[in-house]
Amino acid sequence: MPGWSAKLPLSILTDFEEFAVYDCRMKPVKTDKVSLSRILYLKYTDYADRCEEIAGIFSRDAILKGSFDKYAESNKIKKGTTEVDAAFLQEIERWRELLARNIALRNPNLSQRELNFAKCGNSLIGPDFYDHQQMSLFDEEEIYRVNAFDWNAEFAEIMKDGGFDAVIGNPPYVRQESLTDFKPYFEKRFSVYNGVADLYVYFIEKGVSLLRQGGFFSYIVANKWFRANYGKPLRQWMKLQHILEIIDFGDLPVFKQATTYPCILVIQKKAPGPTFRAVTIKTLDFGDLLDRQADRSTRISFV
C-alpha cells in the first residue's frame with residue numbers, strides 16, 4: 001500500500017461511486033482481505049445522508065482546521081500497526097542476521113569478533129591513529145577497542161571518485177567525559193575540536209568531509225553548539241560551509257523518553273553562501289515537516 005510506505009496515516013480511495021478510507025499504519029500483506037484496515041466505506045447512495053460528516057472531515061477547510069488529523073488519530077487501529085521506519089529497521093536487522101549466517105557458513109574459521117565487526121569500525125578514527133606510536137604497545141584488546149576505520153580502503157571506488165553523494169545520520173549522543181583517550185587525536189585531526197565538546201561535533205565535520213563536491217549532508221544532532229562555549233570552533237567552521245538549512249526543535253521530545261534539544265543540519269559541499277534558511281519548530285503537532293518549514297522559515301546570515 002503506497003500510503004503505508006509514504007508514512008500516511010490514512011488513504012482515501014474513491015471513484016465517486018464508492019468511497020473508502022484505509023488506515024495505512026498497518027503493514028499490508030498480499031494475502032490481506034480488502035476490508036482489512038478499512039475504517040470507512042460508503043456508496044454513492046449514502047452521500048446525501050452523510051454529506052455533513054464527509055465535508056466536516058475530508059473537505060479542504062476541514063483538513064486545514066485539523067479535523068482530518070483528529071479523525072485519523074481517533075480511528076487508529078492499534079492491533080498490528082507498524083510505522084514504516086520501525087518496520088524498515090526490523091527488516092534491516094533481519095537482513096543482517098541472514099547475512100551473518102551466510103558469512104559464517106562460508107567462512108567457518110571466522111571468530112565471533114571478526115563476524116560482528118565485518119566492515120565496521122570507529123568512523124572518526126583512521127589508521128593514522130597509530131602514527132608515530134609503537135604498535136607493540138597496543139595489544140589485541142586495545143586495537144579492538146580503538147577499532148580504527150579506513151574509509152579510503154573500505155570504500156575505495158567511492159572515495160576515488162571524490163566521495164559520497166549524500167551523508168545522512170543521527171550521530172550517537174556521547175558526552176565529552178567518555179572521550180578522554182581520543183581527545184589528543186581529535187585535536188590534531190578536527191578543526192572543530194574543543195576540549196569539552198561532545199562527540200557529535202566531530203561527526204559533523206567528518207560527515208561533510210566524506211562528501212563529493214556538490215554532495216549533500218544532513219544530520220539530526222543536539223542544538224547546544226548554537227550557544228555553548230565548546231561550540232565556538234564548530235560555529236567558525238560553519239561559516240566556511242554552504243549551509244542550506246538549520247531546523248531547531250528546541251526542547252521538543254522528538255525522541256521519546258529523552259530530552260536531546262535536537263536540530264537538523266542540511267549542508268551542501270560547495271562554496272559558502274551569504275545566507276541560509278533557519279526554522280524554529282514550536283510544536284510536533286503537524287503532518288508534514290516541509291509544510292511547517294515553509295510557514296516558519298527565515299533567512300539568516302553569518303556575522
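Everything that follows concerns the structure shown earlier in this document.
As a starting point, this report considers the structure included with it. (Residues numbered from 1 in each chain as written. Predicted model: local features only at pLDDT ≥ 70, side-chain atom pairs only at ≥ 80, totals over all residues. Heavy atoms only, no water.)

As for the overall build of the protein
Then, in step 1: For the protein, the helix and strand inventory stands at 13 helices and nine strands.
Then, in step 2: Here the protein holds 303 residues, and the buried ones make up 34% of them.
Then, in step 3: Relative to all contacts within the protein whose residues are 6 or more apart in sequence, the contacts with residues 24 or more apart total 60%.
Then, in step 4: As displayed, the protein offers around 19,500 Å² of accessible surface, 54% of which is attributable to carbon and sulfur atoms. (Helix = DSSP H or I, 4+ residues; strand = E, 2+ residues; numbered from the N terminus. Buried < 20%, exposed > 50% of the residue type's maximum accessible area, 1.4 Å probe, protein only. Contact = heavy atoms within 4.5 Å. Areas by Shrake-Rupley, 256 points an atom, 1.4 Å probe, with all protein chains shown as cover.)

Some thoughts on the packing of helix α2 (residues 51-58) against helix α4 (residues 67-74)
Then, in step 1: Relative orientation of the contacting elements α2 and α4 amounts to 100°, with a least axis distance of 7 Å. The angle between the axes of α2 and α4 places the two elements in the roughly perpendicular class. Across the interface between the two elements, Gly56, Ile57 and Phe58 of α2 pack against Ser67, Phe68 and Tyr71 of α4. (Axes fitted to C-alpha atoms, helices over the stretch in contact; angles between N-to-C directions. Parallel < 35°, antiparallel > 145°, perpendicular 65-115°, else oblique.)

Here we look at the environment of Leu124
Then, in step 1: On the secondary structure map, Leu124 appears in the loop between α6 (112-116) and α7 (140-146).
Then, in step 2: Residue Leu124 is classed as buried on the basis of its relative accessible area of 4%.
Then, in step 3: On a C-alpha basis, the gap between Leu124 and Leu199 in space is 9.5 Å, while along the polypeptide they are 75 residues apart.
Then, in step 4: In this view, Leu124 contacts Tyr185, Phe186, Phe190, Leu199, Tyr202, Phe203 and Lys206; residues no more than four positions away in its chain are not counted.

Digging into the pattern of salt bridges
One side chain can pair with another of opposite charge once the charged atoms of both are near each other.
Then, in step 1: What the rule picks out here adds up to four salt bridges.
Then, in step 2: Asp128 is paired through a salt bridge with Arg189; the nearest N and O atoms lie 2.5 Å apart. Residue Asp128 is located in the loop between α6 and α7, and its partner Arg189 is located in helix α10 (residues 183-189); the two are separated by 61 residues in the primary sequence.
Then, in step 3: Residue Asp128 is classed as partly exposed on the basis of its relative accessible area of 24%.
Then, in step 4: A relative accessible area of 34% means that Arg189 is categorised as partly exposed. (Salt bridge = Lys/Arg side-chain N within 4 Å of Asp/Glu carboxyl O.)

Focus: the environment of Ser301
Then, in step 1: With respect to the helices, strands and loops of the structure, Ser301 is situated in the segment after β9 (297-300).
Then, in step 2: Residue Ser301 is classed as partly exposed on the basis of its relative accessible area of 43%.
Then, in step 3: If we ignore the near neighbours within four places in the chain, the residues touching Ser301 are Pro274 and Thr275.

With respect to the nonpolar core
Then, in step 1: Membership of the largest hydrophobic core comes to 43 residues, with the highest contact counts inside it found for Phe186, Tyr202, Ile204, Phe217, Trp225, Met238 and Leu265.
Then, in step 2: Of all the secondary structure elements, the ones that give two or more residues to this core are β4 (164-169), α10, α11 (200-209), β5 (211-222), α12 (232-238), β6 (242-248), β7 (262-268) and β8 (276-280).
Then, in step 3: The element contributing the most residues to this core is α11, with six residues.
Then, in step 4: Setting aside anything within four residues of it in sequence, one finds Phe217 in contact with Val167, Phe203, Ile204, Gly207, Val208, Leu211, Leu265, Val266 and Ile267.
Then, in step 5: Phe19, Leu40, Ile54 and Phe58 belong to the second-largest nonpolar core, a separate cluster that totals 12 residues. (Core = buried A, V, L, I, M, F, W, Y, C linked by side-chain atoms within 4.5 Å.)

What to know about the packing of aromatic side chains
Then, in step 1: This structure, assessed with the given rule, holds 19 aromatic pairs.
Then, in step 2: Measuring from ring centre to ring centre gives 4.8 Å for Trp225 and Phe226, while their planes differ by 80°; the resulting arrangement is edge-to-face.
Then, in step 3: Here Phe226 falls in the partly exposed class, since its relative accessible area comes to 22%.
Then, in step 4: Across from the ring centre of Tyr41, 4.7 Å away, lies the NZ or CZ of Arg38, which sits over that ring. (Phe/Tyr/Trp six-rings, centres within 6.5 Å; stacked < 30°, edge-to-face > 60°. Lys NZ or Arg CZ within 6 Å of the ring centre and 35° of its normal.)

Notes on the sheet that holds strand β1 (residues 10-14)
Whether parallel or antiparallel, the strands of a sheet pair through hydrogen bonds between backbone atoms.
Then, in step 1: Pairing within the open sheet is antiparallel, and its three strands lie in the order β1-β2-β3. Of all the strands in the sheet, just β1 and β3 (38-43) have a single pairing partner and so form its edges. Strand-to-strand twist across the sheet, computed as the mean angle between neighbouring axes with direction ignored, equals 10°.
Then, in step 2: Direction of pairing for β1 relative to strand β2 (residues 18-23): antiparallel, over a ladder of five bridges. Its bridge partner lying in β2, Leu10 is registered against Asp23.
Then, in step 3: The strands touched by α4 are β1, β2 and β3; relative to β1, the strand with the most contacts, the crossing angle is about 105°. (Pairing = 2+ DSSP bridges.)

Considering α11
Then, in step 1: Among the 10 residues in α11, eight count as buried, and that is most of the element.
Then, in step 2: Of the surrounding elements, those touching the buried residues of α11 are β4, α10, β5, α12 and β7.

Re α4
Then, in step 1: For α4, the full list of buried residues reads Phe68, Tyr71 and Ala72. The buried residues of α4 occupy one face: seen down the axis, they fall within an arc of 100°. For α4, exposure combined with an orientation more than 90 degrees from the buried face picks out Lys70 and Ser74. (Arc of directions from axis to C-beta.)

Things to note about the side chain of Gln241
Then, in step 1: Of note, Gln241 is situated in the loop between α12 and β6.
Then, in step 2: Here the side chain of Gln241 touches Trp237 through a polar contact of 3.2 Å, landing on its backbone oxygen.
Then, in step 3: Leaving out residues up to four positions away in the same chain, Gln241 has contacts with Val208, Ile267, Pro272 and Gly273. (Polar contact = N/O pair within 3.5 Å; in protein donor to acceptor, adjacent residues only side chain to side chain.)

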